[in-house]
Amino acid sequence: MDDKQFEQQMKLLKKTYERVPSKFNADEVLRKIEEEGNQTKEPILTVKSPTSKWQKISVWAVSLASVFIIGILSASFLNDGKEQGDKSVTEFDENDIEKLEKAYQEEREKRRKMLDLTDEQFDSLGFVQFADQEFTRTIKPGSLESNQSGMPLELRYSKVIDFLKLPSEMVQNALESKEKFNEEQSMQYIDELTTKIDHLTYVYDLVINEHLDVMNTAKMNGELDADYLYGHRAELPEPVENMLVNAPKQGISIAVSPDKNRFIAKFQIEYEMRDVLSETAYNYLEIKSNLPFLWAGKLSYEPAQAAHLLQFIEKTLLETKIQNTAIQAVTKMNYLNLAEMLIYDNESNNIFENGKLKNEYSMAWDTLRSTMGVSPIKFFIEPFYQSMVMNEWRINETYKTLDMSDLSYAFSLAEVGDLAELMPGEEFTFQSESYNIPDTDLTQKVHGYFKTVGASSDLQELEFATPIEIVALAQFAREFEKSSLEYSLYRVSDQLPNFEDYNLIMQDQNIIPEDSTNLQYVEERTYLQEGEYHTTVEIFKDGNPVKTIQLIRQKGGLWQIVYEAPLVPPGYYYEPKVAQTDVMEDSVVYLYKKYKQNHNFSLLKSASAIEVAGMYLEADKQGDLETQYELLLKDDQYVTPSREEFLSYPTDGGHDWKVQFEAFEIIQNTPTDANGEFDVVVWFDLNYSLVTDDDSRRGFQMRKTADGWRVHFMPMQ
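The numbers attached to residues start from 1 for each chain and follow its sequence in the written order. In view of the model being predicted, local features appear only for residues whose pLDDT reaches at least 70, and side-chain atom pairs are presented and counted only at 80 or more, with totals across whole chains, interfaces and linings using the full set of residues. The basis for the side-chain values is all heavy atoms of the structure; hydrogens and waters are excluded.

Enquirer: Just checking my understanding: could you explain the overall build of the chain for this structure?
Expert: Runs of E in the DSSP output that reach at least two residues are strands. Runs of H or I that reach at least four are helices, and both are numbered from the N terminus. Along the chain, the regular secondary structure elements total 30 helices and 19 strands. Split into buried and exposed, the 717 residues of the chain put 50% on the buried side. Residue contacts are defined here by distance: any two heavy atoms, one from each residue, within 4.5 Å place the two residues in contact. Long-range contacts, defined as pairs at least 24 residues apart, comprise 67% of the intrachain contacts of the chain with a sequence gap of at least 6. Looking at the chain as shown, the accessible area adds up to about 35600 Å², and 48% of this sits on carbon and sulfur atoms. Buried residues are those whose accessible area, probed at 1.4 Å on protein chains only, stays under 20% of the maximum for their type, while exposed residues exceed 50% and partly exposed ones sit between those limits. The accessible surface values rely on the Shrake-Rupley method and a 1.4 Å probe; as for residues, cover is taken only from the protein chains in view.

In structure tokens form, the structure reads like this:
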């Protein structure tokens, strides 16, 4: 990237962040800081004059840090000062100030060494420059804050050091506290964290740009390979080696760009943060980890993936309770940009071919219009979808009226709760819910339905019953031998046997298996297909899934259970087919990363079959033979190579299982032995785009042992 391109990118980035709303007057704060700087005869800190490319980023970074961090952190700084009341400010002699100056320089140098950056690079970091400004503003005698705040000098200094802390320190402190942040704390925390990570990311991007040619020699089979780059870092120039060693510690990975033409610095999520952050805040980090959505004017994802990602972003934005945060504003901008790339044809991203919408985009549109609940993107795309369908997906006059500003307006209406009035056909939305068994509230609700429906035989009384309540009512009817009510809760279909046969088949079975401990319904798993809503209720025992019940609801109707004939002999282990979800995939990746650290077998003791299978596939994707071997079944009755032999197998990383597969079911295929062990096949359904006449799903061989689930050697053949 030459200087001109660099300046253009910085201007674009500044323009982007200037759209960030704020509750404070950043210009006024900056003006006061500048006035103070002009009044200072001898600056406490010596910063090099902005003549180099590193200082070009410094100018941008200071303004960005000021907008973000002043608003997020200085507010608490000033509030803490007010909480001290009108106490008089303690006078400190020059020796006290000199000691703090020396201590601050030491803290600064300590973090420079932690990052292994040059002085010039470190000085260019926006959050470092902000900490420098705050040191001058709050510590130096006669400064604005020093005169006005009743806060003790030691406390002011401590807060300045907090501003200087690296992302790794912030994460470590949060995890060590073992306290769950509330919504406001979580959003403020991720604003500060991601801002600091962004500052580091741009410094690392400059390192990449300076050494692009040598880094682009890191290839496997003719393609750029990040694992190869990391593995040969000692052979690279020192700045690149330092970056590869230190960037991951700060939440940044060096990855191959979407077009596979270069390496980029990319945010990577710390999965353990979900233990301390609110769900909404963690979702923002997940969204950020999927960036970039666009690259070189094109989508970074397949249209189907991009559509699901857009739904997730929209849901997260609309569920955000704490408004006017920086990450919310930037995420909304990314939401609008991603929507435009899925809907609007342009020179760099052609969604039409010979005047007809490409099939992959029409499927993405169908996904967007099936979004559950009150949805801006659903509201926006519906008229264009209907018009294009009528015109066999060819460009027409209706499509030519498309204006992306209308989506922004629809989103604004949704934020204030007014969009629902413009979507009168939208039904009541069922929120995610979970019940531990037994649960008094659930029992009372179901008993009420049981009495009402039993007396009137009017199933419309169940119009507002949730999926879990329908399943629980079916079990309740079975326990009280009201088989006619139980049978009526099933959806009529060719698979549903007649009433007499149903009673014979189900006579020894429960709707909810005995010893179940939890029922869960997840709203995100609900989707609209051919005018009907489809969803599932998951049943768990001690944290492990034991059964999945599918339900369907017609518009204006009620949830009905989908009957599934037993596919395995009585007593055999079976998990019905369910779609892979982001939640499940994230859980697998989280377990994989945790397990690969020291291969702690206790983690596998409670892991489910799909989690262990997913861990093996994730290890295959990463080329991690060591973890794959640790997950293998070691038993004299089965062929398993030695560790040395297995680790000698060639690997360049496998397919991304999260993209390759879209659903799974698990079926026991051998009798349970005297030790309670048995084999299963995890059947993975291929993504629709990969299905052929001869290949629609893959079997994955596993065994349930006394120590948990293990993988057979060469499980997928």
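Enquirer: Would you take a moment to explain the pattern of salt bridges for this structure?
Expert: If charged atoms from side chains of opposite charge come close, those side chains can pair. What counts as a salt bridge is simple: a side-chain nitrogen of Lys or Arg found within 4 Å of a carboxyl oxygen of Asp or Glu. Taken as a whole and assessed by the stated rule, the structure comprises 29 salt bridges. Its salt-bridge partner being D123, residue R108 comes within 3.0 Å of it at the nearest N-O pair. Of the two residues, R108 is situated in helix α4 (residues 94-115) and D123 in helix α5 (residues 119-123); the sequence distance between them amounts to 15 residues. Side by side, R108 and D123 carry an identical accessibility label, which is buried.

Enquirer: So what exactly am I meant to see when it comes to the nonpolar core here?
Expert: Considering soluble globular proteins, one finds that nonpolar side chains tend to be buried as a cluster. If you look at the biggest cluster of nonpolar residues, it comprises 98 residues, and the most contacted ones within it are Y189, I254, L342 and W365. The element best represented in this core is helix α10 (residues 183-210), accounting for 10 residues. With sequence-adjacent residues up to four places away left out, I254 is seen in contact with I208, M215, A226, L229, Y230, M243, L244, A247, F263, I264 and A265. One finds V446, F450, Y533 and L551 within the second-largest nonpolar core, a separate group that totals 39 residues. Here, the term nonpolar core denotes a set of buried Ala, Val, Leu, Ile, Met, Phe, Trp, Tyr and Cys residues that are joined through side-chain atoms within 4.5 Å.

Enquirer: Quick question: what am I supposed to make of the pairing of strand β4 (residues 263-267) here?
Expert: Successive side chains on a regular strand alternate, one facing one side of the sheet and the next facing the other. Of all five residues in β4, four are buried; the element is thus mostly enclosed. Counted between consecutive antiparallel strands, the loop separating strand β3 (residues 252-256) from β4 contains six residues, among which K260 sits at a positive phi close to 65°. The pairing criterion for strands is at least two bridges between them, as found by DSSP.

Enquirer: Honestly, the confidence of the model for the chain in this entry has me stumped. Any pointers?
Expert: Any region with low pLDDT has predicted coordinates that should not be read closely. On a range of 0 to 100, pLDDT expresses the predictor's confidence in each residue. Residues with a pLDDT of 70 or more make up 82% of the chain, whose mean pLDDT is 81. Within the model, pLDDT remains below 50 along residues 8-34, and this stretch shows 33 contacts once partners closer than five positions in the same chain are excluded. The model gives residues 36-90 a pLDDT under 50, and that stretch makes 115 contacts with residues more than four places away or in other chains.

Enquirer: Hey, could you run me through the sheet that holds strand β19 (residues 708-711) in this one?
Expert: Hydrogen bonds between backbone atoms are what pair the strands of a sheet, whose relative direction is either parallel or antiparallel. Ordered in space as β15-β16-β17-β18-β19, the five strands form an open sheet in which the pairing is antiparallel. Looking along the sheet, the strands with just one partner apiece sit at the ends: β15 (574-579) and β19. Sheet twist, expressed as the mean angle between neighbouring strand axes with direction ignored, is 25°. Relative to β19, strand β18 (residues 697-705) runs antiparallel, the two sharing four bridges. Bridging from a neighbouring strand, M702 pairs with V711 of β19. Between N-to-C directions, angles cover 0 to 180 degrees, with each direction set by a line fitted to C-alpha atoms, over the stretch in contact for helices.

Enquirer: Is there a simple way to explain the side chain of E532 in this structure?
Expert: Take E532: it is sitting in strand β12 (residues 532-541). The class for E532 is buried, based on a relative accessible area of 14%. Apart from the residues lying within four places of it in its own chain, the contact partners of E532 are R491, Y527, I552, R553 and Q554.

Enquirer: Explanation requested: the packing of α4 against helix α6 (residues 126-139) in the structure shown.
Expert: When two helices pack together, their arrangement is given by the angle between the helix axes and the distance between those axes. Direction vectors running N to C along α4 and α6 enclose 170°, while the axes themselves pass 12 Å from each other. Relative to α6, the element α4 lies roughly antiparallel. Residues I97, L100, E101, Y104 and R108 of α4 pack against V128, A131, D132, F135 and I139 of α6. Each angle is binned into one of four classes, with values under 35 degrees roughly parallel, values over 145 roughly antiparallel, values of 65 to 115 roughly perpendicular, and all other values oblique.

Enquirer: Explain the environment of S257 to me, please; I cannot follow it from the model alone.
Expert: Note that S257 resides in the loop between β3 and β4. In this structure S257 comes out as buried when scored by relative accessible area, which is 2%. Between the C-alpha atoms of S257 and W295, which are 38 residues apart in sequence, the distance is 8.0 Å. Filtering out sequence-adjacent residues up to four positions away, S257 remains in contact with R262, I264 and W295. Throughout this description, a polar contact denotes any pair of N or O atoms lying within 3.5 Å of each other; where both atoms belong to protein, one of them has to be capable of donating a hydrogen while the other can accept it, and for residues adjacent in sequence the pair is counted only when both atoms sit in side chains. A polar side-chain atom of S257 sits 2.5 Å from a polar atom in the side chain of D259.

Enquirer: Quick question: what am I supposed to make of the packing of helix α16 (residues 326-343) against helix α17 (residues 359-369) here?
Expert: Taken N-terminus to C-terminus, the directions of α16 and α17 make an angle of 130°; their axes are 10 Å apart at the nearest point. Considering their axes alone, α16 and α17 lie oblique with respect to each other. Here M341, L342 and I343 of α16 come into contact with α17, specifically with Y361, A364, W365 and L368. Think of it as three bins: nonpolar holds Ala, Val, Leu, Ile, Met, Phe, Trp, Tyr, Cys and Pro, charged holds Asp, Glu, Lys and Arg, and polar takes everything else, Gly as well. For the contact of α16 with α17, the per-class residue count stands at seven nonpolar, no polar and no charged.

Enquirer: Help me understand the packing of aromatic side chains, please; the structure alone is not making it clear to me.
Expert: Centre-to-centre distance and the angle between the planes together describe a pair of aromatic rings. Each aromatic pair joins two rings of Phe, Tyr and Trp (for Trp, the six-membered one) with centres within 6.5 Å, and gets the label stacked for planes under 30 degrees apart, edge-to-face for over 60, and tilted for any other angle. Summed over all chains, the structure comprises 26 aromatic pairs. The interplanar angle of 80° and the centroid separation of 5.4 Å between the aromatic rings of Y487 and F499 together place this pair among those described as edge-to-face. Highlighted residues: Y487 in helix α23 (residues 483-488) and F499 in helix α24 (residues 499-506), separated in sequence by 12 residues. Joined through ring pairs, the aromatic side chains of F352, W365, Y385, W393 and Y399 make up one cluster.

Enquirer: For this particular structure, what's the right way to read unusual backbone geometry?
Expert: Apart from glycine, the bulk of residues carry a negative phi angle, and the bulk of peptide bonds sit in the trans form. In this chain, L291 is followed by P292 through a cis amide linkage whose omega measures 0°. With respect to the element layout, P292 can be found in the loop between α14 (279-289) and β5 (294-295). The step from I437 to P438 runs through a cis peptide bond, and the omega angle for that step is 0°. Note that P438 resides in the loop between β9 (433-436) and α21 (440-456).

Enquirer: I would appreciate a short explanation of α4 in the present structure.
Expert: Because each turn of an α-helix spans 3.6 residues, side chains separated by three or four positions end up pointing in the same direction. Between its first and last C-alpha atoms α4 spans 32 Å; for 22 residues at 1.5 Å apiece the expected length is 32 Å, and the two agree. Along α4, the positions that sit buried rather than exposed are I97, L100, Y104, R108, R111, R112 and L115. The arc that holds every buried residue of α4, seen down its axis, measures 115°, which confines them to one face. Seen from the open side of α4, the exposed residues pointing more than 90 degrees away from its buried face are K99, K102 and K113. Here, expected helix span is obtained from the residue count minus one, scaled by 1.5 Å. The arc in question is the one spanned by the directions pointing from the helix axis to the C-beta atoms.

Enquirer: Help me understand the environment of S278 in this model?
Expert: You can see S278 is positioned in the loop between β4 and α14. Between the C-alpha atom of S278 and that of S186, which follows or precedes it by 92 residues, the distance is 6.0 Å. Ignoring any residue separated from it by four or fewer positions in sequence, one finds S278 in contact with F181, E183 and S186.

Enquirer: How should the side chain of T535 be read in this particular structure?
Expert: As for its placement among the helices and strands, T535 is situated in strand β12. With relative accessibility at 3%, the residue T535 sits in the buried group. Aside from chain neighbours lying at most four places away, what touches T535 is P467, Y521, V522, R525, T526, I549, Q550, L551 and W559.

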